[in-house]
Amino acid sequence: MSCLITFILYFALPALLAVVAWMRYRGLEYVIINYRWVFVCLFLLPISVVYDIFMYVRNWLVFKFNSAPRQHEQRVKHVQEQVKRWRADGCQTPMCTARPGWSNISFRRGLYKKKMRNIDVNLIDILDVNTDTGVVRCEPMVTMGQVTACLNPLGWTLPVLPELDDLTVGGLIMGVGIETSSHKFGLFQHCCVSFELVLADGTVVNCSKEENPDLFYSVPWSYGTLGFLVSAELRIIPAKRYVRIEYKPAHSRQDMLRLFEAETRRKEGNEFVEGLVYSLDTAVVMTANMTDEAEPGKVNAIGDFWKPWFYRHVEGFLKTGPAVEYIPLRHYYHRHTRSIFWELEDIIPFGNHPLFRYLCGWMVPPKISLLKLTQGQTIKELYEKYQVIQDMLVPLKDLGESLDVFDKELKLYPLWLCPFKLYAQPGMVHPEGNADEMYVDIGAYGSPKQPAFSTIPSTKRLEAFVMKKKGFQMLYADSYLSKEDFRQMFDHSLYDRLRKSLDCEKAFPEVYGKVNRKVRD
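Residues numbered from 1 in each chain as written. Predicted model: local features only at pLDDT ≥ 70, side-chain atom pairs only at ≥ 80, totals over all residues. Heavy atoms only, no water.

1. Concerning the sheet that holds strand S10 (residues 242–250)
Pairing in this open sheet of 8 strands is antiparallel, and the strands run S13-S10-S12-S11-S15-S16-S14-S17 from one edge to the other. Two strands close off the open sheet at either side, each with one partner strand: strand S13 (323–328) and strand S17 (472–473). As paired elements, strand S11 (residues 272–279) and strand S15 (residues 415–422) share 3 bridges and run antiparallel to each other. Paired with Leu 276 across the bridge in S15 is Trp 416. Strands in contact with helix H9 (residues 253–265) are S10, S11, strand S12 (282–291), S15 and strand S16 (437–446); relative to S11, the strand with the most contacts, it is inclined by about 170 degrees. The sheet contacts of helix H18 (residues 455–468) involve strand S14 (388–395) and S17, and relative to S14 the element is tilted by about 15 degrees. (Pairing = 2+ DSSP bridges. Helix = DSSP H or I, 4+ residues; strand = E, 2+ residues; numbered from the N terminus. Contact = heavy atoms within 4.5 Å. Axes fitted to C-alpha atoms, helices over the stretch in contact; angles between N-to-C directions.)

Here it is in structure tokens:
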């Protein structure tokens, strides 16, 4: 196993980067841009497969021999020592994690990492699954793929388990996490029981609703600016074998809005609710519930590599009408992973063709981190000019008007709709009033077809609309908000008090200093 990782780090990746450098030197970046699928298929897909195999074996061995809990304390001490050395050196620059910007799931890399003190926080294991208390304890770099691979065979799952395999526990806590069960359980943060952090003075602290509650409520959306997360306890619930999913097509705007809101607000049933909008007037609303039994002939293992991409499969119901299927639970959770929602179509245009799926689908998707690592400056500029990757969170009552604005500014389809309950709790994100409120995440990913689209002014108009509706922008996306508008969108009152009491001013930048567009490449 060590030989395998050595090969990847010292031979495969350097060779890959050398090819990129040579092509740019020879003036062949045109080939990388216009025929990027060749590069992705020949290099990135095989390397992604090798990496996944290595991590699967490594995680299986760690879990089987229960070595992670013994190592965790030592790893936390290593983080503490680095923070204390930073203090001994005079606290000259703020701190951030040493995780390379290209390795996270966010579209952009943080330029701030080049100017700050990098702290190694290499914590990647599930530490404990306690079915008696209904809690799983994870380190921050544990992925959703690891979680489902571990919990589902044991008959358990998270109340909110976001789709993409490589999303991490830490990223979903410090940023935001959402799933089609969020209309029942809220955001990922609302399923967290406690956090363990290393603070700016090097001490370790635990926080929960009962212990250090102000810190507990301030950690979500704080983007690592209050301390280094080193573990989290997450609530788990019983799982079943399948998800019984009902596809409900809508062929008019009125039917779409009525159906989506009715299914979201239904008191009984509907453990999962999701919508894919294919035009201003057409959509498929999906409702689903877990079950241990499946009707014969209706099981669809949509995660199998030869299966059509999920969003294309769903689109077919606009023609064929309502239907019911049974999807294995883990396949359902990661239904958007293979096609990276619909982003992979821009990279491998024929990726959903049956021939490609049967021959090469087992290697899909390429690691997003490798896609970022190997994109040249020209590709970055093209993405910025022609691509949008945004999630805007608005009150459910404003969904109709929001879809009008998205169509006017972007004309980008499909759009992903995911309803969620936003709890009236302390922290940076909560409803304007004192009552819980139903919101919806509108996910826009891809190339806008609006002729007048221009990245900065179009995004700014979307941001202004979301602010007007008392909504929020996900922090992973490009934000063009001014600092004043950012503070208006996100409630900083408790966050500011915690930063002052925990002596964070020199230790960490503010959230805005890590997420605004000016600090991202």
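2. Things to note about the environment of Tyr 56
By the secondary structure assignment, Tyr 56 is in helix H3 (residues 36–65). Residues Tyr 56 and Glu 437 lie 381 residues apart in sequence; the distance between their C-alpha atoms is 40 Å.

3. Some thoughts on the pairing of S10
For S10, the buried fraction is high: 7 of the 9 residues fall into the buried class. Alignment of S10 against S12, held across 9 bridges, turns out to be antiparallel. Bridge pairing in S12 places Tyr 242 opposite Thr 291. (Buried < 20%, exposed > 50% of the residue type's maximum accessible area, 1.4 Å probe, protein only.)

4. A look at the side chain of Gln 473
Along the polypeptide, Gln 473 turns up in strand S17. In this structure the side chain of Gln 473 is engaged in a polar contact, spanning 3.3 Å, whose partner is the side chain of Ser 479. In contact with Gln 473, other than residues within four places in its own chain, are Trp 221, Gln 390, Asp 391, Met 392, Glu 463, Asp 478, Ser 479, Leu 481, Met 489 and Phe 490. (Polar contact = N/O pair within 3.5 Å; in protein donor to acceptor, adjacent residues only side chain to side chain.)

5. Considering the pairing of S15
For S15, a buried count of 7 out of 8 residues is recorded, marking the element as mostly surrounded by other parts of the structure. Of the strand pairs in this sheet, S15 and S16 are connected by 8 bridges, and their pairing is antiparallel. Counted as the bridge partner of Phe 420 is Tyr 439 from S16.

6. Some points on empty space enclosed by the protein
Taken as a whole, this structure holds 3 cavities of 30 Å³ or more when the rule is applied. The calculated volume of the largest cavity comes to roughly 120 Å³. Forming the boundary of the largest cavity are 14 residues, of which Gln 189, His 190, Tyr 217, Pro 220 and Gln 425 lie nearest the centre. Elements supplying a minimum of two residues to the lining of the largest cavity: strand S6 (192–198) and helix H8 (213–218). Residues belonging to the lining of the largest cavity are distributed by class as follows: 9 nonpolar, 4 polar and 1 charged. (1 Å grid on protein atoms, 1.4 Å probe; cavity = no way out; pocket = protein on both sides within 12 Å on 5 of 7 lines; lining within 4 Å. Points joined across faces, edges and corners; volume = space filled by probe spheres on them. Nonpolar A, V, L, I, M, F, W, Y, C, P; charged D, E, K, R; others polar.)

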